[in-house]
Amino acid sequence: MSALSDLINLDVSGSTDKIIAEYIWIGGSGMDLRSKARTLPGPVSDPSKLPKWNYDGSSTGQAPGDDSEVILYPQAIFKDPFRRGNNILVMCDSYTPQGDPIPTNKRYHAAKVFSHSDVLAEEPWFGIEQEYTLIQKEVKWPLGWPIGGYPGPQGPYYCGTGADKAFGRDIVDAHYKACLYAGINISGTNGEVMPGQWEFQVGPSIGISAGDQVWVARYILERITEMAGVVLSFDPKPVEGDWNGAGAHTNYSTKSMRSDGGYEVIKKAIEKLGKKHKEHILAYGEGNERRLTGKHETADISNFKWGVANRGASVRVGRETEKANKGYFEDRRPSSNMDPYTVTSMIVETTILWKP
Ligand code: ADP
Ligand code: MN
Ligand code: MN
Ligand code: MN
């Protein structure tokens, strides 16, 4: 085994200038992360200097078999924490050979929204709290849960410590450091209310980079759980009953909200979000109706309500923001399996571009 890990960790930089680039993309389900590797002649730091590539879209549910080629456009580069050295991870999006974004390419539209001059002027920041559940591979039951049974009720697990309360911390911490190494703006982690459930936060990140960073952080977590033999779940409600679901609270601010008197701008933005509640819910993740029940620190899916320090609201404003009369707010509705390109760009479209 050690000869094998020696080879995996082999530093090839003394023998060649070549590097390995792992191209990452989102597959046909909208949640499956795919990747493949290629050799490049030397280090690259600008995505526009990277070659386009292609894949078999008929194997990812993204193209018919008789016209299967999908083209990958490199969009963002991160350092590769698995191969290290000058090796890189490359977040890509997908196009037809004619150059049109394929239907599952949500980044294309988001990038357009974020390059609008009114949006650029507002420098939108996002802080995304990605919750997820670790699942025992063989029995498809959360990590740390007795097989065929349940752990004690919720209460001791949130931010908990100890062998009977925290399950999978090695994965969580390995992921934290791997993200920092990669250049992801990861801002923290914590154990969640349901045992076996965890959270990491990405942000504040500006514009389209929030989506790129969340997707690559998800990719790194898939790779680490793969090594650990644990299954990663983004299901919004992995266990029915008196167990918390998994969300992706999206914290948001614009330049005007962060400036003096910004609370007024925040209130206007929240009012607009309320008017488009239905549209947002439709785009905020599949199966979210199982999570947004009005219980377990959520608001009911069919009613929009906001409040200061209210964790049972759709949108929450922090005490600090109220006190400072400026800051940011939290959209608590997105589920853990949401697409961050869709959610971030939609929030910006509704709050900045929409003029009712
Ligand atoms: P919660 O109290 O809801 O658990 P977290 O601390 O988990 O919140 O996450 C809050 C996220 O919001 C962090 O990623 C943080 O970096 C981000 N954030 C902080 N300030 C802002 C801001 N002005 N605009 C957008 N996001 C912000
Ligand atoms: Mn949080
Ligand atoms: Mn949380
Ligand atoms: Mn939150």
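For the structure given in this document, a descriptive report is provided here. None of the values given here were measured: they were computed from a predicted structure.

Right, let's talk about the overall build of the protein for a bit. Regarding its fold elements, the protein presents 10 helices and 14 strands. Scaling as 2.2 N^0.38, a compact globule of 356 residues should have a C-alpha radius of gyration of about 21 Å, and the protein matches this with 21 Å. Counting only C-alpha atoms and orienting by the principal axes, one finds that the protein spans roughly 60 × 55 × 40 Å. When the 356 residues of the protein are sorted by exposure, 51% land in the buried category. In the protein, of all internal contacts separated by at least 6 residues, the share reaching a separation of at least 24 is 65%. Total accessible area computed for the protein in this model is approximately 16,500 Å², and 52% of it derives from carbon and sulfur atoms.

Moving on, we come to the coordination of the manganese ion (ligand 3). The manganese ion (ligand 3) binds to the protein through Glu131 (OE), Glu192 (OE) and Glu199 (OE), with metal-donor distances spanning 2.1 to 2.2 Å. One chain supplies every donor to the manganese ion (ligand 3), and in sequence these donors are spaced E-x60-E-x6-E. Separating the manganese ion (ligand 3) from the manganese ion (ligand 2) is a distance of 3.9 Å, and Glu199 supplies a donor atom to each of them. Of this pair, Glu131 sits in strand 6 (residues 125–136) while Glu199 sits in strand 9 (residues 197–206), placing them 68 residues apart in sequence.

A word on the site of ligand 1. Lining the immediate environment of ligand 1, one finds 17 residues, of which Ser187, Glu199, Ser253, Arg316 and Glu330 sit closest. Within the side chain of Ser253, one N or O atom sits 2.8 Å away from a nitrogen atom of ligand 1. Here Arg316 contributes a side-chain N or O atom positioned 2.9 Å from an oxygen atom of ligand 1. Protein chains bury 75% of the 580 Å² of accessible surface belonging to ligand 1 in isolation. Mapped onto the shell around ligand 1, the elements with two or more residues apiece are strand 6, strand 9 and strand 11 (250–253). With five residues, the top contributor of residues to the shell around ligand 1 is strand 9. Residues that form the shell around ligand 1 fall into these classes: six nonpolar, six polar and five charged.

Okay, the coordination of the manganese ion (ligand 4) next. Working reference: metal with six octahedral donors, ideal angles 90 or 180 degrees; metal with four tetrahedral donors, ideal angle 109.5 degrees. Distances from the manganese ion (ligand 4) to its protein donors, namely Glu129 (OE), Glu129 (OE), His249 (ND1) and Glu330 (OE), fall within the range 1.9 to 2.5 Å. In this structure, the manganese ion (ligand 4) lies 4.0 Å from the manganese ion (ligand 2), and both are coordinated by Glu129. With Glu129 in strand 6 and His249 in the loop between strand 10 (230–233) and strand 11, this residue pair connects regions lying 120 residues apart in the sequence. In terms of burial, Glu129 and His249 fall into one category: buried.

About the cut-offs
- Residues numbered from 1 in each chain as written.
- Chains lettered and ligands numbered in written order.
- Predicted model: local features only at pLDDT ≥ 70, side-chain atom pairs only at ≥ 80, totals over all residues.
- Heavy atoms only, no water.
- Helix = DSSP H or I, 4+ residues; strand = E, 2+ residues; numbered from the N terminus.
- Rg over C-alpha atoms; globule rule 2.2 N^0.38 Å.
- Buried < 20%, exposed > 50% of the residue type's maximum accessible area, 1.4 Å probe, protein only.
- Contact = heavy atoms within 4.5 Å.
- Areas by Shrake-Rupley, 256 points an atom, 1.4 Å probe, with all protein chains shown as cover.
- Donors = N, O, S within 2.8 Å, 3.2 Å for Na, K, Ca; no water.
- Near = heavy atom within 4 Å.
- Polar contact = N/O pair within 3.5 Å; in protein donor to acceptor, adjacent residues only side chain to side chain.
- Nonpolar A, V, L, I, M, F, W, Y, C, P; charged D, E, K, R; others polar.

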